[in-house]
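The lines below spell out each chain.
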Amino acid sequence: MEIRVEKEVENVDLVAGKIVAEQLKKKPASAFIFPTGQTPLGLYANLVSLFKKGKIDFKNAQIFNLDEYYPIKHQNPASYFYYMKKNLIDQINIRLENWHIPNGKAASPQKEAEKYEKEIKQVGKFDLAVLGLGPGTTCHIGFNEPPSSLDSVARYMSLSRQTLKVNSTLFTNPQDIPTGALTMGIADIFRAKKVVLIAKGRHKALGVKIALTGPISETAPASFLRLHPNVTFLLDQEAASDLPI
Ligand code: GLP
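Residues numbered from 1 in each chain as written. Predicted model: local features only at pLDDT ≥ 70, side-chain atom pairs only at ≥ 80, totals over all residues. Heavy atoms only, no water.

Enquirer: Sorry, what's going on with the pattern of salt bridges here?
Expert: Note on pairing: side chains with opposite charge can pair once their charged atoms come close. All told, the structure shown has 8 salt bridges when counted by the stated rule. Note that Arg-4 and Glu-6 form a salt bridge whose closest N and O atoms lie 2.9 Å from each other. Looking at Arg-4, the relative accessible area reads 34%, which means it is partly exposed. (Salt bridge = Lys/Arg side-chain N within 4 Å of Asp/Glu carboxyl O. Buried < 20%, exposed > 50% of the residue type's maximum accessible area, 1.4 Å probe, protein only.)

In structure tokens:
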């Protein structure tokens, strides 16, 4: 496992962009797992800029999103569907049929999760998973809230109180946040040959510390990443500030 700490937060975004760009150059038909949230906005801005300069090409790539609120409409600006379209999908040349995200407006969350799991199994292996880290002590990855097991697959999850509190600020009316979500499981994330978890800011320091130095446990889903053979924690100095390094 690699822990990479960048002094400047902008460098975290640059390094993350470089990792994705290199993967695409090495294998144009790469399959990616991508996150949402505030953390990867800089990464997506860098990818869009590299694409506009003609330096990267998503024509043959596949993107799988980690998660989506449930229930939620696509046109809700707080939905991950809307976020991805705005910040990445509509600005690059990925084929729409190669972009996968759980459908927040599906009639049955269970059936939608099963359908997503099938799509994941069809890909088999992902080349690269980029992850964020949930708020506070949740240590969630995707929406795998504690407790989530190592063998978990795509499913509906109720959101934790900490997540609801933090994430509701991104909704026009905070009380409109859905109380659940559809997420890939930990076993799905482990289908990726390489995993990069990005965490930035002082508010992530406790979660980073628990994930990296606490027990490997269902109560801290990100701690399972320590069992993955090729994982990088890409942090800014603030997110790393509680680590004994
Ligand atoms: C959200 C998402 C995660 C994301 C994380 C961090 O709840 N479900 O996929 O990585 O929390 O969000 P942020 O980057 O805004 O801190």
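Enquirer: Explanation requested: the pairing of strand β2 (residues 31-34) in the structure shown.
Expert: Regular strands place side chains that alternate from one sheet face to the opposite one. Taking every second residue as pointing to the same face, both faces of β2 are buried, with Ala-31 and Ile-33 on one and Phe-32 and Phe-34 on the other. Both β2 and strand β3 (residues 62-65) contribute to a ladder of 4 bridges, which runs parallel. What sits directly across from Phe-32, in β3, is Ile-63. Taking the sense of rotation as the criterion, the β-α-β connection linking β2, helix α2 (residues 41-52) and β3 turns out right-handed. (Helix = DSSP H or I, 4+ residues; strand = E, 2+ residues; numbered from the N terminus. Pairing = 2+ DSSP bridges. Right-handed = clockwise from strand over helix to strand, strands pointing away.)

Enquirer: Teacher, can you tell me more about the side chain of His-140 here?
Expert: Looking at the element boundaries, His-140 is found in the loop between β6 (128-131) and β7 (155-158). Only 3.0 Å separates the side chain of His-140 from the side chain of Glu-145, close enough to count as a polar contact. In contact with His-140, other than residues within four places in its own chain, are Gly-132, Leu-133, Gly-134, Pro-135, Glu-145 and Thr-163. (Polar contact = N/O pair within 3.5 Å; in protein donor to acceptor, adjacent residues only side chain to side chain. Contact = heavy atoms within 4.5 Å.)

Enquirer: Would you mind going over the site of the ligand with me for this structure?
Expert: Every one of the 13 residues lining the ligand counts as a neighbour, but Gln-38, Thr-39, Asp-67, Asn-167 and Lys-204 are closest to it. The contact in question runs from an oxygen atom of the ligand to an N or O atom on the side chain of His-140, over 3.1 Å. Residue Lys-204 places a side-chain N or O atom 2.6 Å away from an oxygen atom belonging to the ligand. Burial of the ligand by the surrounding chains reaches 92%, relative to a free accessible area of 400 Å². If you map the ligand onto the pockets, it falls in the largest pocket. Looking at side-chain class alone, the shell around the ligand contains 3 nonpolar, 8 polar and 2 charged residues. (Near = heavy atom within 4 Å. Areas by Shrake-Rupley, 256 points an atom, 1.4 Å probe, with all protein chains shown as cover. 1 Å grid on protein atoms, 1.4 Å probe; cavity = no way out; pocket = protein on both sides within 12 Å on 5 of 7 lines; lining within 4 Å. Sits in = over half its atoms within 2 Å of the grid points. Nonpolar A, V, L, I, M, F, W, Y, C, P; charged D, E, K, R; others polar.)

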